[in-house]
Number of protein chains: 8
Amino acid sequence: MDAIDLERIARAVAEGDLTPADLIEHLRVESVSDLGYAQVDNERGVRTGVSEIIYGEGKTPSQIAGIVAAMRDAGQRRALITRLDAEKASSLQVLGVDIAYHERARAAVSGPLPDADGNGEILVLTAGTSDLAVADEAVLTARFLGNRVTCVHDVGVAGIHRLLSHARQISHAQVIIAIAGMEGALPSVVAGLASCPVIAVPTSVGYGASFGGIAALLGMLNSCSSGISVVNIDNGFGAAYQASLINHLKAREHDI
Amino acid sequence: MDAIDLERIARAVAEGDLTPADLIEHLRVESVSDLGYAQVDNERGVRTGVSEIIYGEGKTPSQIAGIVAAMRDAGQRRALITRLDAEKASSLQVLGVDIAYHERARAAVSGPLPDADGNGEILVLTAGTSDLAVADEAVLTARFLGNRVTCVHDVGVAGIHRLLSHARQISHAQVIIAIAGMEGALPSVVAGLASCPVIAVPTSVGYGASFGGIAALLGMLNSCSSGISVVNIDNGFGAAYQASLINHLKAREHDI
Amino acid sequence: MDAIDLERIARAVAEGDLTPADLIEHLRVESVSDLGYAQVDNERGVRTGVSEIIYGEGKTPSQIAGIVAAMRDAGQRRALITRLDAEKASSLQVLGVDIAYHERARAAVSGPLPDADGNGEILVLTAGTSDLAVADEAVLTARFLGNRVTCVHDVGVAGIHRLLSHARQISHAQVIIAIAGMEGALPSVVAGLASCPVIAVPTSVGYGASFGGIAALLGMLNSCSSGISVVNIDNGFGAAYQASLINHLKAREHDI
Amino acid sequence: MDAIDLERIARAVAEGDLTPADLIEHLRVESVSDLGYAQVDNERGVRTGVSEIIYGEGKTPSQIAGIVAAMRDAGQRRALITRLDAEKASSLQVLGVDIAYHERARAAVSGPLPDADGNGEILVLTAGTSDLAVADEAVLTARFLGNRVTCVHDVGVAGIHRLLSHARQISHAQVIIAIAGMEGALPSVVAGLASCPVIAVPTSVGYGASFGGIAALLGMLNSCSSGISVVNIDNGFGAAYQASLINHLKAREHDI
Amino acid sequence: MDAIDLERIARAVAEGDLTPADLIEHLRVESVSDLGYAQVDNERGVRTGVSEIIYGEGKTPSQIAGIVAAMRDAGQRRALITRLDAEKASSLQVLGVDIAYHERARAAVSGPLPDADGNGEILVLTAGTSDLAVADEAVLTARFLGNRVTCVHDVGVAGIHRLLSHARQISHAQVIIAIAGMEGALPSVVAGLASCPVIAVPTSVGYGASFGGIAALLGMLNSCSSGISVVNIDNGFGAAYQASLINHLKAREHDI
Amino acid sequence: MDAIDLERIARAVAEGDLTPADLIEHLRVESVSDLGYAQVDNERGVRTGVSEIIYGEGKTPSQIAGIVAAMRDAGQRRALITRLDAEKASSLQVLGVDIAYHERARAAVSGPLPDADGNGEILVLTAGTSDLAVADEAVLTARFLGNRVTCVHDVGVAGIHRLLSHARQISHAQVIIAIAGMEGALPSVVAGLASCPVIAVPTSVGYGASFGGIAALLGMLNSCSSGISVVNIDNGFGAAYQASLINHLKAREHDI
Amino acid sequence: MDAIDLERIARAVAEGDLTPADLIEHLRVESVSDLGYAQVDNERGVRTGVSEIIYGEGKTPSQIAGIVAAMRDAGQRRALITRLDAEKASSLQVLGVDIAYHERARAAVSGPLPDADGNGEILVLTAGTSDLAVADEAVLTARFLGNRVTCVHDVGVAGIHRLLSHARQISHAQVIIAIAGMEGALPSVVAGLASCPVIAVPTSVGYGASFGGIAALLGMLNSCSSGISVVNIDNGFGAAYQASLINHLKAREHDI
Amino acid sequence: MDAIDLERIARAVAEGDLTPADLIEHLRVESVSDLGYAQVDNERGVRTGVSEIIYGEGKTPSQIAGIVAAMRDAGQRRALITRLDAEKASSLQVLGVDIAYHERARAAVSGPLPDADGNGEILVLTAGTSDLAVADEAVLTARFLGNRVTCVHDVGVAGIHRLLSHARQISHAQVIIAIAGMEGALPSVVAGLASCPVIAVPTSVGYGASFGGIAALLGMLNSCSSGISVVNIDNGFGAAYQASLINHLKAREHDI
């Protein structure tokens, strides 16, 4: 159960659609489901606002199916599985797991996507067409976490006017995800134009001395612009997760 | 002129303390002051909400003094100078620049610090006592940008109960800056406990195979926790800058 | 002949089940069997307590078969072959070598596993489900060397309470093997809780800036916790080998 | 209070030299002493058997003095401060902290060294005379933690008979610390001769492509010998700590 | 004797100011002056159009003085000494070598600077004030080689309008030298705006993961813009040399 | 429309073959064609003299086809697609895109190659036969951009007389592209013989410590010869692009 | 024509079996055969004593066939082709090139192997069975160049007595090739025992932090033993070539 | 006692100048002198032909003095101390050790240099004047080991005719030491011209992407020329040692 579900149930109780006993029932799950090969963290949604997300790499289809089942048993209505290749996705479906598979994003969603409810919009920018797969992972993750998302692709710095022509979108975004391979210069220019946080994602697009994304990663870490933080190479998921946290922030109690 | 000043002036006009002509006078500066060795970006505050900040490394005291003067001429009441060693700070004072120097943070502030006005509080965590210098840079930057800040030091993961005993502060923060050298594991544990964004700062604390902070940097980029983004090694300034952006976010127009 | 067999035979002589001549016969082998492509070290078991173990990578099935035969000729009743892919394992069986193949561990055992006889128990911890293959190599090796082993999987630091709920096992272990990819933070937290040695194994689980396990390796080498030593990336075998040495230590003569 | 003190006090109570009330008094300390710049972990000794050790690098003399005082207030009779240069050691003495400074080991001890009480002896081997500083840190740490230690210096593999002439010491050690710079081959040869665990310490001795100890570190991690684990470059302290844990192991309960 | 001198003398012969015998006299020097510690390449000017330039690093003042003298003996009227620190420059002057020393460029010129005679102008752009030293080396070298040079400093991509306001200079340059540290994004944006070649110079400005200029170097090598080539980190000299070759190109014979 | 077409049309208007209205019609295209996955930069040809070139890696055949169509709609008669493997080339042809595919160069050209019109000739040198693929990419690119090209292959420095026997070609070239893998020494020797700029291309030819071209790249960046600048590993395209810019330079206005 | 053939022909002339005219005929070949894709260096044998050897990687079968034919036309009776996979070897045979293919060495020989004629014997040592492929390349190359070779395999330092039992061979060798992967310690121990030069060959045998042979390479470069020099990773050919030069050295004229 | 002394004594006995008893007396030393901090290997000279050489780095003056004394006690008449800075050399002299100090070589010799007795001459080539210090270490070492040495400096590949003009020396050398920093291309060209072995020494001369000699080291390891082997960065000593072994080789017994 994540923050969205918790709020929905709480509201239902307040409005009399559910009884307090129903609420307790929903919350009464073991904090950890021990599957032997995995310890599913059922309290994560309550603790951090977002349920556990399944990293598909290195897990067998039957392990993934087991985790999805355990999460469902613990009351979680939806699940996101990342780094999932097409073959494993098919195996999952053969195993009876009901997922929608997104090939370019290499990710699958089980259950319905929630309505968007953040404070504003996440703007996803890519430097080139070759960065689309990483962008797709970010977009799917952001939508899974309840965000509105706008994309502008292929606005790398080699043709700076292509980027400048989207200045209005840049200045209206709540948070920006800037995705680039090669030299990774896009976030530097974007952060100089924006007044919101920029999450930079280096991609492994490039060859030779790009070293599978290291050039872009270093470029982003050493940006001359302020307002940028960086996630791992090709980590569209991580960028969207952080962007979603930012997009859902409420002003908090001051008296810590 | 940064966002804080702009708002102050606009309010003064609204309240009749300033005339519209005064407002125009304040805004009438060249967008760039060309000093030969530097192009001071006077519109930055209006564009991104924060005035230009001076990176002291590699600049002579007289260059820094010239930039501070140009910023002041353009109506900016306060300036932050980072990466400033004690010797240059003294030279600046000899040159008549009025600064308060913070030795451990290796930074100086010209003009008064603003009142804090963010949505919540920034929590700064350090793994060890040796990370204090980086934390100080972050704290000073955050205060310069109008944020309330709380610090908890020396809560590295080797004694996990020291961190767990601050769980309440972690769950109440608007945004967390987690600073660690050596293996840089602190942000991974913190992000598993928090429901707000965590900005991770690797430090160059360590020896041998820490490679001046690379071990910590890689650890943070590869965190198994979600909700973390990373800045450059020892970049307390950059972490605080982004944390401040996050802490000052207002819900924005949706119709981009 | 390894320490276990040597002890068994010696006891048999003591109990009259074997004659001294039998003992001599067992010990009378060349110290090295020269196969041309390999020099099988027959005295290794007597010298270090553990017979030679066969590293399967880069050897042909017929070379491996030859080495197993030479070891058997020299009186060694069991053999462990590591880094053996499924195809080579099949070829070995076709060649008439009697092995039990463990696919996920990518290792095979010839002959019976010994009874466990160490001082205590080896606890194997993994950060995530994707680390299971490395753990399996460690577990098989440890059992081959005569140890009792307990495993707890998927207790990475992102959900710290999953780890803390196994505190009793941690405090009772004789030696702990902590296996993790990505940022490799698990051993740091474990060593802060344990009073026994922790052998850390970085895995190649991760992507981008994990660089095939380097991030985890560096994290473990730079741990802020004491009581950790590290083996090569994905080297479950090496960790188990040293853990077994530790688990079998007897107090020794002081007058060196 | 570490394991040695705890045992001493418990025995005194059993023998009537102390009352149970005295024992309670000794244990009644805050689990953490919060000094602002440091959180001293007072329960560490009880939890892991060894009190916190102070990493001197990056701490000011007055911070170190404060931590020593807090530890003493919490009942800890001795303290080890590592990575302490001579200048800071003098400042500490000026501040009234009573320490014995060991220059080559770059470490200081406050309070008396304990009697040795491990199961056997730790053997410290160095490849060359230039590795002595790292060895000294290891020896001092091992003695501080209650171990008997023997050293054999300058037995690098270039003159293999120098090492072989110490075969008896190698075969009698409870645990071996093998220290080497340059190509770091010493532990490989030693582990082939020993039947106890070998903790390998790469040193930064060398030049050019030794890269400050990386060559030795990689050599040790990739050793063709079994029974080796590795600590950080120049980390004599960490090796001794791990060796001490091993040397003090008691057979534990099996029923985890 | 370099291309400029050769042309001057040839013209003088053509105009009758010098006799053919004078020309022969000027050309009659040994092709190499062997000084023991150096082999001065006297034909280099004739072969490549530019005389040898002296790399000051690692040479003693007296060696440099000897080389300058040998070049002068061979008819070369001017010399450029790069990577020369202030102390060595003073020593040279004490040794009687007549040089003009340029401190920020860390270079000295012996003899008069030539008149500029290239096809157009070299435009030197820097990303930040801290890149000025490298720019100065480039400017001095370019002037030494007979080029007109214009500089625009501090036009890094964080404030993209600062760069765009110099679009006319960019479109009129014959060749551009773009100098940047940190992420090194400047050349990417410039090459997207320019129709002439861009020589990119990474600088060691930055900290942490800039790794002394590697981040900028990789950024430039992996630029998404076309028309860029790169020289070594901080190599203002090399960039200017290449730019000068380009700026002096004449259309050549086609029938190779 | 690139510089060649623009000049052709302008001349046609001047000669009465086209009306001014025709010219306007040709120029009347959107500056950017937004295809969703790509922003085709139609003004690039006017701005930099060369139309956009399509980087084939990471793009699907249908994306490439869409971009080619958009470029054609915007009046561009020819297109170069680089990093295009044979399979994608076939798919493109199946999709009806009219291309000539060059397998060894891994590139395709749509439309006719232009007549050569540069100031001189580009000389392409390779160190070994294994560098031919990179050379082919360079040659095709240079021809696509309107240059005459000569190639001399297999003149690596191990047999220096092979290179010296081409001294006349080296001294007559307008610009040289020197391509080498392994230690990448070719450009150093060539630049010592040439009086024109040398663009150095490291290739990934080699094994072991060549690290996929890093050894050659570093060799070229650190060349002891002047007059060399470097492009990315295996980047024959980038070298030819810059060489073409150099080969087409006209003397420009001085009054910037 | 290499040194062996040249000597043979010269002797035949001396003994009247060939006429001086025959000798001239044999020497009358172009110094370079220009095949377009390759410049075959026909004088190499005369100049360096060894004919050109063909590096098969990156060359097509027909290119290789062309080079072999050109060498034969220039009077070279035998050819060695290295880095040749089995598929290309078959293609060569289909093309009618008469070669003997050695699969494990991945090399082929055209023409007869010469009689051995060096000063002594080359001893090839390997650390493990997995290093055999590299050893085979070395052995074949050494035999092709006219050397007697002895091999001892699997004498890595983990079982030092296996190496020591070959002390007599080590002390009698004219030159030693020591081949090892993993930590690469073998040459260090060997050079401490030998009085002849040791050529060290790191191999890519290993995993994890062996980084494809870097660990072994660094270990060998930083050896604490004297008398070692190193070739590239897996470069059995290069080691044998150098060893052959050493094995064939004659005392030379002193009056250089 | 090294090979030279041993031969001298043996001859003296043969000629009646010494008695057999004298010979025995000379040989009667402990094989190892144990100084606590060092194990002096007294049999090394007999075993490998060269006595131990003292690596000065990281040793104190009194340790060095002790080792020299022990070697002298064991009958060694001369000693070479490398990596010895001027300050330590003075301290040694104050301690009464009789040495001749060579500042640029950073090495000292105790005792007389021997007469040269190798088969031929060692030729030392440097690429630039800045490589002289490394060359000096090589020259001194070679002379200490009984070799004739010729030096040619500053013949880097940027002016290839400078190198070619020394072709005769190259073709007459018994063994060549080629020393170069920056891109390290010198050995590649030299080995293409020579028929003797080339020992390549990379130096740390250079800046930026030379990475303290890595660029040169990689260049040499990946040389396209055959007949090269490589030693550590700046390791003039190691190159000379290997060259001396080669220069002193006698044809050996074949019947190993």
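Residues numbered from 1 in each chain as written. Chains lettered and ligands numbered in written order. Predicted model: local features only at pLDDT ≥ 70, side-chain atom pairs only at ≥ 80, totals over all residues. Heavy atoms only, no water.

**Observations concerning the relation of the copies chain H and chain G**
And then number 1: Placing chain H over chain G gives an RMSD of 0.1 Å and needs a rotation angle of 180°, together with 0.1 Å of translation along the axis. Taken together, the turn and the small shift mark the pair as related by a two-fold rotation axis.
And then number 2: Most of the interface of chain H is mirrored in chain G, where 100% of its interface residues again form contacts. (Least-squares fit on C-alpha atoms with pLDDT ≥ 70 in both. Contact = heavy atoms within 4.5 Å.)

**Observations regarding the interface of chain H and chain G**
How big an interface is tends to be stated in terms of the accessible area lost upon association of its parts.
And then number 1: Listed by partner, the interface residues are 46 residues for chain H and 46 residues for chain G.
And then number 2: Buried area between chain H and chain G, both sides added, is near 4,000 Å², and the carbon and sulfur share of it is 52%.
And then number 3: For the interface between chain H and chain G, the tally reads zero salt bridges.
And then number 4: In this structure, the connection of chain H to chain G is made through ten residue pairs in polar contact (both at pLDDT 80 or more).
And then number 5: If you list the elements that add at least two residues to the side of chain H that touches chain G, you get helix H3 (44-48), helix H8 (167-172), helix H9 (186-193), strand E10 (198-202), helix H10 (214-221), strand E11 (228-230) and helix H11 (236-247) of chain H.
And then number 6: No other element matches H11(H), which puts five residues into the side of chain H that touches chain G.
And then number 7: Here the side of chain H that touches chain G is built from residues that sort into 20 nonpolar, 17 polar and nine charged. (Buried area = accessible area lost by both parts, 1.4 Å probe. Salt bridge = Lys/Arg side-chain N within 4 Å of Asp/Glu carboxyl O. Polar contact = N/O pair within 3.5 Å; in protein donor to acceptor, adjacent residues only side chain to side chain. Helix = DSSP H or I, 4+ residues; strand = E, 2+ residues; numbered from the N terminus. Nonpolar A, V, L, I, M, F, W, Y, C, P; charged D, E, K, R; others polar.)

**Some words on the interface of chain G and chain F**
And then number 1: Each side of the interface is counted separately: chain G has 20 residues, and chain F has 20 residues.
And then number 2: Here chain G and chain F share an interface that buries about 1,500 Å² over both sides, 53% of which is from carbon and sulfur atoms.
And then number 3: Here chain G is connected to chain F by zero salt bridges.
And then number 4: Taken together, the connections running from chain G to chain F amount to eight residue pairs in polar contact (both at pLDDT 80 or more).
And then number 5: Of all the elements in the fold, those that place two or more residues in the side of chain G that touches chain F are strand E2 (39-41) and helix H10 (214-221) of chain G.
And then number 6: Residues of the side of chain G that touches chain F, tallied by class, amount to seven nonpolar, seven polar and six charged.

**Digging into the relation of the copies chain G and chain F**
And then number 1: The transform that puts chain G on chain F rotates by 90° and translates by 0.1 Å along the axis, for an RMSD of 0.0 Å. Both chain copies can therefore be described as sitting about a four-fold axis. Closest approach to the rotation axis among the C-alpha atoms of chain G is made by Phe211(G), whose C-alpha sits 7.4 Å away.

**Overview of the pattern of salt bridges**
All names here are of chain A.
And then number 1: Summed over all chains, the structure comprises 32 salt bridges over all chains.
And then number 2: With its nearest N and O atoms 3.6 Å apart, the salt bridge here joins arginine 83 to glutamate 137. With arginine 83 in the loop between strand E4 (79-82) and helix H5 (86-94) and glutamate 137 in helix H6 (residues 132-144), this pair connects stretches of sequence that are 54 residues apart.
And then number 3: In this structure arginine 83 comes out as buried when scored by relative accessible area, which is 11%.
And then number 4: Using a relative accessible area of 5% as the deciding quantity, one classes glutamate 137 as buried. (Buried < 20%, exposed > 50% of the residue type's maximum accessible area, 1.4 Å probe, protein only.)

**Topic: the arrangement of the chains**
And then number 1: The least C-alpha distance between chain D and chain E, which are not in contact, is 15 Å.
And then number 2: The least C-alpha distance between chain C and chain H, which are not in contact, is 17 Å.

**Side note on the side chain of Asn235(A)**
And then number 1: Topologically, Asn235(A) is positioned in the loop between strand E11 (228-230) and helix H11 (236-247).
And then number 2: On the basis of relative accessibility, which here comes to 11%, the residue Asn235(A) falls in the buried class.
And then number 3: A distance of 2.8 Å separates a polar side-chain atom of Asn235(A) from the backbone nitrogen of Gly238(A).
And then number 4: What Asn235(A) contacts, discounting residues up to four positions off in sequence, is Arg83(A), Glu137(A), Val201(A) and Tyr207(C).

**Focus on the side chain of Ser210(E)**
And then number 1: For Ser210(E), the location among the structural elements is in the loop between strand E10 (198-202) and helix H10 (214-221).
And then number 2: Apart from residues lying up to four places away in sequence, Ser210(E) is in contact with Asn222(A), Val205(E) and Ala215(E).

**Some details on the domain arrangement of chain A**
Residues and elements named next belong to chain A.
And then number 1: What the domain assignment reports for chain A is domain 1 (3-110) and domain 2 (121-247).
And then number 2: A C-alpha centroid distance of 28 Å is found between domain 1 and domain 2.
And then number 3: Counting from both sides, the interface comprises 15 residues of domain 1 and, opposite them, 13 residues of domain 2.
And then number 4: Linking domain 1 with domain 2 are two residue pairs in polar contact (both at pLDDT 80 or more).
And then number 5: Mapped by element, the contributors of at least two residues to the side of domain 1 that touches domain 2 are helix H3 (44-48), E4 and strand E6 (107-110).
And then number 6: Per-element accounting of the side of domain 1 that touches domain 2 gives the leading share, three residues, to E4.
And then number 7: Of the residues assigned to the side of domain 1 that touches domain 2, the class counts are eight nonpolar, three polar and four charged. (Domains from an automatic or database assignment.)

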